[in-house]
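Coordinate inspection notes
The primary structure of each chain is shown beneath.
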Amino acid sequence: MKELVEFIAKSLVDNPDEVTVTEREAGRTLVVELHVAPSDMGKVIGKQGKIAQAIRSVVKAAASKTDKKVVVDIKD
């Protein structure tokens with residue numbers, strides 16, 4: 001999941017070098033944390049959170065093959 005979120009985020013932002021993605025497990029839940037430059041935060045979130053929701057939907061669809069719940073957390 002980490003690679004998928006990183007690929008999507010780097011495709012959206014102006015500063016792809018500042019994109020970092022970390023994963024951590026909490027029981028049956030996999031938390032994917034996305035960190036971007038402050039100037040790129042709006043591009044990752046989108047108007048009314050539409051881009052962020054789309055990223056979460058794609059990751060959820062990709063995670064349906066596994067037996068884990070995946071949460072994408074966008075940090076600044």
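To start, this report covers the structure provided alongside it. (Residues numbered from 1 in each chain as written. Predicted model: local features only at pLDDT ≥ 70, side-chain atom pairs only at ≥ 80, totals over all residues. Heavy atoms only, no water.)

The next subject is the overall build of the protein. In terms of helices and strands, the protein carries three helices and three strands. Overall, the protein shows an N-to-C arrangement of helices and strands of α-β-β-α-α-β. Computed over the C-alpha atoms, the radius of gyration of the protein is 12 Å, within 12% of the 11 Å expected from 2.2 N^0.38 for a compact globule of 76 residues. Principal axes of the C-alpha set define a box for the protein whose edges measure 35 × 20 × 15 Å. Considering the protein as a whole, with its 76 residues, one finds that 33% of them fall into the buried category. Carbon together with sulfur atoms contributes 52% to the accessible area of the protein, which is approximately 5,000 Å² in total. Measuring between centres, the 13 positive side-chain charges of the protein sit 8 Å from its 12 negative side-chain charges. (Helix = DSSP H or I, 4+ residues; strand = E, 2+ residues; numbered from the N terminus. Rg over C-alpha atoms; globule rule 2.2 N^0.38 Å. Buried < 20%, exposed > 50% of the residue type's maximum accessible area, 1.4 Å probe, protein only. Areas by Shrake-Rupley, 256 points an atom, 1.4 Å probe, with all protein chains shown as cover. Lys, Arg positive; Asp, Glu negative; His and termini not counted. Charge placed at Lys NZ, Arg CZ, Asp CG, Glu CD.)

Our next topic: unusual backbone geometry. Of note in the backbone geometry, Gln48 takes a positive phi value of approximately 55° without being a glycine. Structurally, Gln48 is set in the loop between α2 (41–45) and α3 (50–63). Here Gln48 falls in the exposed class, since its relative accessible area comes to 77%.

Here we take up the sheet that holds strand β2 (residues 29–35). Spatial strand order, β1-β2-β3: three strands in an open sheet with mixed pairing. Each edge of the sheet is formed by a strand with only one pairing partner; in this case those strands are β1 (20–26) and β3 (69–75). Mean inter-strand twist for the sheet, computed between neighbouring axes without regard to direction, equals 20°. Strand direction decides the pairing type here: β2 and β3, joined by seven bridges, are parallel. Along β3, the bridge assignment pairs Leu30 with Val70. Running at roughly 150° to β1, helix α1 (residues 2–12) makes contact with β1, β2 and β3 of the sheet. (Pairing = 2+ DSSP bridges. Axes fitted to C-alpha atoms, helices over the stretch in contact; angles between N-to-C directions. Contact = heavy atoms within 4.5 Å.)

On to the environment of Ala62. With respect to the helices and strands, the residue Ala62 is situated in helix α3. Along the primary structure Ala62 and Leu4 are separated by 58 residues, whereas in three dimensions their C-alpha atoms are 8.9 Å apart. Setting aside anything within four residues of it in sequence, one finds Ala62 in contact with Met1 and Leu4.

Another point: the pattern of salt bridges. According to the stated counting rule, one finds six salt bridges in the structure shown. Between Lys10 and Glu6 there is a salt bridge whose closest N-O contact spans 3.2 Å. Of this pair, Lys10 and Glu6 both sit in helix α1, four residues apart, which is roughly one turn of the helix. The exposure class assigned to Lys10 is partly exposed, which follows from its relative accessible area of 36%. A salt bridge links Glu25 to Lys68; the shortest N-O distance between them is 2.4 Å. Residue Glu25 is found in strand β1, and its partner Lys68 is found in the loop between α3 and β3; the two are separated by 43 residues along the sequence. Under the relative-accessibility criterion, Lys68 is labelled partly exposed at 34%. (Salt bridge = Lys/Arg side-chain N within 4 Å of Asp/Glu carboxyl O.)

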